[in-house]
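# Residue-level structural notes
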Amino acid sequence: MRQFYLSYPIFQTVSGKLNWSHYCELLSISDKEKRSFYEKEAVNAGWSVREMKRQIDSSLFERLLLSRGDANKEQVLALAEKGVDYAKPEDIIKDPYVFEFLGLPEEKPFLESNLEAALVRQIEDFLLELGRGFMFVGTQQRVTVNNIHYYVDMVFYNKVLHAYVLIELKTTKLTPEAAGQINMYLNYYAAEVNDPEDNPPIGIILCTDKDSVAAEYALGGLSNQIFASRYVLYMPNKEQLIKQVEEVLKRWHSHEGD
């Protein structure tokens, strides 16, 4: 109780949408800004205690900061004060995505169809990992061009961004062919599927690895919004992610002082 009153000296700052079990988990986080982020996101996304604990264990705070590339103190404070602000497509992106809930062996090869089937079986956990506002549309959604049928691996709709989100699953590293494939699907959705009130569709390629230079060349210059992110099948090393964030912030502070 003493720790609770030290962390929340003004009782009005305690959210009525969270229960005591939520706050017991939050009090295990010593960093004030990180704790505030998880509290805000738990309220915004309506996380259960189990869901919030999973997001803490998967280092969501650090993953979001590292996904932005140019992480700085202002972004840390923004996440602490508001949680994730879905203002633009890149705000929904994480790198890496964590699929520990699938129980797939990391050391054994598997097909893209196996990965897709496993994600569908665990769709609630996948939606939690994707983030707020995602609704599942379906798998293997048909796209027909010049009487040839193609199939999008997974399609979602994000009601916060008012946009379809097309996901291509790859059990290999990012390739230029994957970028061209999803670019065609996005053009089709923009022309044939979108309603007038929808924003342009978003494409995400989930792959086992990506080279930053190759990704820049594969995705650069495309008019559509396409992102490539890695996925892992295990919980990331929390200490390593924290160290990476600290190094990024340190570099930002050194540039700020130039």
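Described below are features of the structure shown in this document.

Reading the values: rules and limits
- Residues numbered from 1 in each chain as written.
- Predicted model: local features only at pLDDT ≥ 70, side-chain atom pairs only at ≥ 80, totals over all residues.
- Heavy atoms only, no water.
- Helix = DSSP H or I, 4+ residues; strand = E, 2+ residues; numbered from the N terminus.
- Axes fitted to C-alpha atoms, helices over the stretch in contact; angles between N-to-C directions.
- Parallel < 35°, antiparallel > 145°, perpendicular 65-115°, else oblique.
- Contact = heavy atoms within 4.5 Å.
- Nonpolar A, V, L, I, M, F, W, Y, C, P; charged D, E, K, R; others polar.
- Salt bridge = Lys/Arg side-chain N within 4 Å of Asp/Glu carboxyl O.
- Buried < 20%, exposed > 50% of the residue type's maximum accessible area, 1.4 Å probe, protein only.

Time to look at unusual backbone geometry. Cis geometry marks the peptide bond from Asp95 to Pro96; its omega dihedral reads 5 degrees. One non-glycine residue, Asn147, adopts positive backbone phi at about 65 degrees. The topology assignment puts Asn147 in the loop between strand S2 (134-145) and strand S3 (148-158).

Here we come to the packing of helix H3 (residues 32-45) against helix H6 (residues 73-82). Running from amino to carboxyl end, H3 crosses H6 at an angle of 45 degrees, the nearest separation of the two axes being 6 Å. In this view, H3 runs oblique relative to H6, as classed from their interaxial angle. Listed contacts from H6 to Glu33, Ser36, Phe37, Lys40 and Asn44 of H3 are Lys73, Val76, Leu77, Leu79, Ala80, Glu81 and Lys82. Of the residues belonging to the contact of H3 with H6, the class tally is five nonpolar, two polar and five charged.

Summed over all chains, the structure comprises 11 salt bridges. Measuring nitrogen to oxygen at the nearest pair gives 3.6 Å for the salt bridge that ties Asp125 to Arg50. Highlighted residues: Asp125 in helix H8 (residues 123-130) and Arg50 in helix H4 (residues 49-57), separated in sequence by 75 residues. With a closest N to O distance of 2.5 Å, Arg54 and Glu129 form a salt bridge. In this pair, Arg54 is assigned in helix H4 and Glu129 in helix H8, connecting sequence segments 75 residues apart. Here Arg54 falls in the buried class, since its relative accessible area comes to 9%. In this structure, a network of salt bridges that share partners links the residues Arg54, Arg63, Glu100 and Glu129.

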